[in-house]
Amino acid sequence: MTSTIVKEAETRLFINNEFRPASDSGTFELKSPSTRETVAQVPEATIEDANVAVAAAKAAFPAWSALSPNVRGEYLRKLAQLILEAEDELAHLDAVSMGRPVSAYKDAKVGAQKLQYYASAGWDNHGQTSLLTPGFVNMTFKQPFGVVAAIIPWNVPVLFLVDKMAPALAAGNTIVIKSSEKAPLTCAKVAQLIQKIGFPPGVVNILSGHGHISGSTLSHHMDVRMITFTGSGRAGRLIQQAAAKSNMKNVLFELGGKSPAVIFGDADLERVAKETANSIRFNSGQVCMATSRIYVHSSIADHFLSMFKEKLQAITPGDPTDPKVDHGPQADEAQFNAVKRFIELGKKDGKLLLGGDSLPDHEGYYVQPTIFFETPENAQIMKEEIFGPVVNVNVFESEEEVIGKVNDTEYGLYASVYTRDIERALRFAKSMEAGSVGINCTSPTGAFDMPFGGWKSSGIGREGIHYSMNQYLETKTVLMRIGDS
Ligand code: NAD
């Protein structure tokens, strides 16, 4: 497992365009979830390291924010190119650190597309003017916050790094990013590319380590004016408390989900079975918008279940660095144990139809795709995010009944409805309490130019090419008297 790529991988903290160990030389162990072997010792950023990184970003801000969008954009354009060139290496590093099969690696291509977009989008940061107040010309300015902090999860690390860094930098901010302790290697690789391009020192700083140390320092920091976070509701709440306790920094949150799909008798069942199975199986169910609750109409329940089971069983598990493999392990022991705990709860509350255990003959943290049937709505596995390949299927009779169940959750990230009845589809699109609704499609289906984010406890704010940039800009009203009455 300790391939040459991993042995030579950069792991150090990236501050002021230099790589350095943690200030106290502390490290944490990164293990492969497919073999349980140690793949790297990674620096654990200290409170002091986080403070130094923020100071570097603060010092870099005046010059960076004064540049033309063209000049800032050129750095992003070069980074897009280098990320594309490093695609295989990035895929390998995530495979060995968090277990995502290289066959499912899309971060580099999608990340590069986004960087290309933001390389030009800096020119769109316009305010407004108004002549509507007699005697005045009024206007708004859009201006960067200063130092932005970004805290990201491990399931698609480079994509989240880009989603946060690209609009923040294009808007003229500087940034300190904390990677996830479960997948720090690809972020450190991107740091190498940033150094190679020669970004001005301090504009991008990347720390590795755990949330309660460097993550908490960034959330409480008085010089961080905006924090952008993707991760669990648990950490989101702590970060929001820290923001409130310190300087009331702005927050942008993309949090967890418990996404439902509703399937009516007139749906194209072959498509439904394929898409819902893919949704809960992709990345071993470790996706915020994974379809983890399915409501199927009683008229087609048996037929759907037999097709769904067949699709979920068709997996090729194994070494995630093998391009033929499409089912990897859970990201680490903690994730594995959490998923297994939910499965045991599910066995008590619902009927186990498929799976229900780790995968035999695999020493890593592999879990079988698992289906529970007819689980009571108030059971813990119906309410909480599992983040594994585990899905609940329940039967419904009426629209009114199912919409009540669909919305009876604190989460609101993604919901979908499968039906050929257009009026019913739009009734559901209106009623479902979610940031995204799929009609005859489900997650991870998205669109490049549409906003993404959560209702209710699934998030605050929206990300997306036309939506993110504004989150990284302050608005200033300027009132100018011009002398007439
Ligand atoms: P997590 O919340 O445990 O960790 C996310 C990040 O927050 C990590 O970098 C972690 O170190 C940091 N963190 C943890 N405690 C912190 C604290 N007290 N202060 C500051 N930072 C802290 O989540 P995870 O396990 O990495 O990711 C899985 C979660 O992320 C799931 O809930 C999933 O639904 C969610 N997620 C949401 C989206 C979305 O777009 N809505 C996308 C991917 C993942």
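About the thresholds
Residues numbered from 1 in each chain as written. Predicted model: local features only at pLDDT ≥ 70, side-chain atom pairs only at ≥ 80, totals over all residues. Heavy atoms only, no water. Near = heavy atom within 4 Å. Polar contact = N/O pair within 3.5 Å; in protein donor to acceptor, adjacent residues only side chain to side chain. Areas by Shrake-Rupley, 256 points an atom, 1.4 Å probe, with all protein chains shown as cover. Helix = DSSP H or I, 4+ residues; strand = E, 2+ residues; numbered from the N terminus. Buried < 20%, exposed > 50% of the residue type's maximum accessible area, 1.4 Å probe, protein only. Contact = heavy atoms within 4.5 Å. UniProt positions renumbered as here; feature names shortened; annotations may be inferred. Axes fitted to C-alpha atoms, helices over the stretch in contact; angles between N-to-C directions. Parallel < 35°, antiparallel > 145°, perpendicular 65-115°, else oblique. Nonpolar A, V, L, I, M, F, W, Y, C, P; charged D, E, K, R; others polar.

A.B. asks: How should the site of the ligand be read in this particular structure?
C.D. replies: The local shell around the ligand holds 30 residues, among which Ile 152, Glu 181, Ser 232, Leu 255 and Glu 385 are the closest. In this structure, an oxygen atom belonging to the ligand sits 2.8 Å away from a main-chain N or O atom of Ile 152. Here an oxygen atom of the ligand and a backbone polar atom of Gly 211 are 3.2 Å apart. Considered on its own, the ligand offers 840 Å² of accessible surface; in the complex 92% of this is hidden by protein.

A.B. asks: Even after reading the chapter, I still don't get the side chain of Gln 368, so can you show me in this structure?
C.D. replies: Within the secondary structure, Gln 368 sits in the loop between strand E14 (351-354) and strand E15 (370-373). For Gln 368, a relative accessible area of 19% puts it in the buried group. Side-chain polar atoms of Gln 368 contact the backbone oxygen of Ser 358, separated by 3.5 Å. Apart from residues no more than four positions distant in its own chain, Gln 368 is found in contact with Gly 355, Gly 356, Asp 357, Ser 358, Leu 359, Pro 360 and Pro 389.

A.B. asks: Any chance you could explain the UniProt feature "active site" (unreviewed entry) in the protein chain here in plain terms?
C.D. replies: In the numbering adopted here, UniProt assigns the feature "active site" (unreviewed entry) to Glu 254. Topologically, Glu 254 is positioned in strand E11 (residues 250-254). Glu 254 sits in the buried class, given a relative accessible area of 5%. Apart from residues no more than four positions distant in its own chain, Glu 254 is found in contact with Phe 229, Thr 230, Gly 231, Phe 452, Gly 453, Gly 454, Ser 458, Gly 461, Arg 462 and Glu 463.

A.B. asks: Before we go on, may I ask you to explain the packing of helix H3 (residues 69-85) against helix H6 (residues 157-170) in this structure?
C.D. replies: Describing two packed helices takes the angle between their axes plus the distance from one axis to the other. Relative orientation of the contacting elements H3 and H6 amounts to 160°, with a least axis distance of 9 Å. Between H3 and H6, the angle is such that the two are roughly antiparallel. Between H3 and H6, the contacting residues are Arg 72, Leu 76, Leu 79 and Ile 83 on the first element and Val 162, Met 165, Ala 166, Leu 169 and Ala 170 on the second. Looking at the contact of H3 with H6, its residues break down into 8 nonpolar, no polar and 1 charged.

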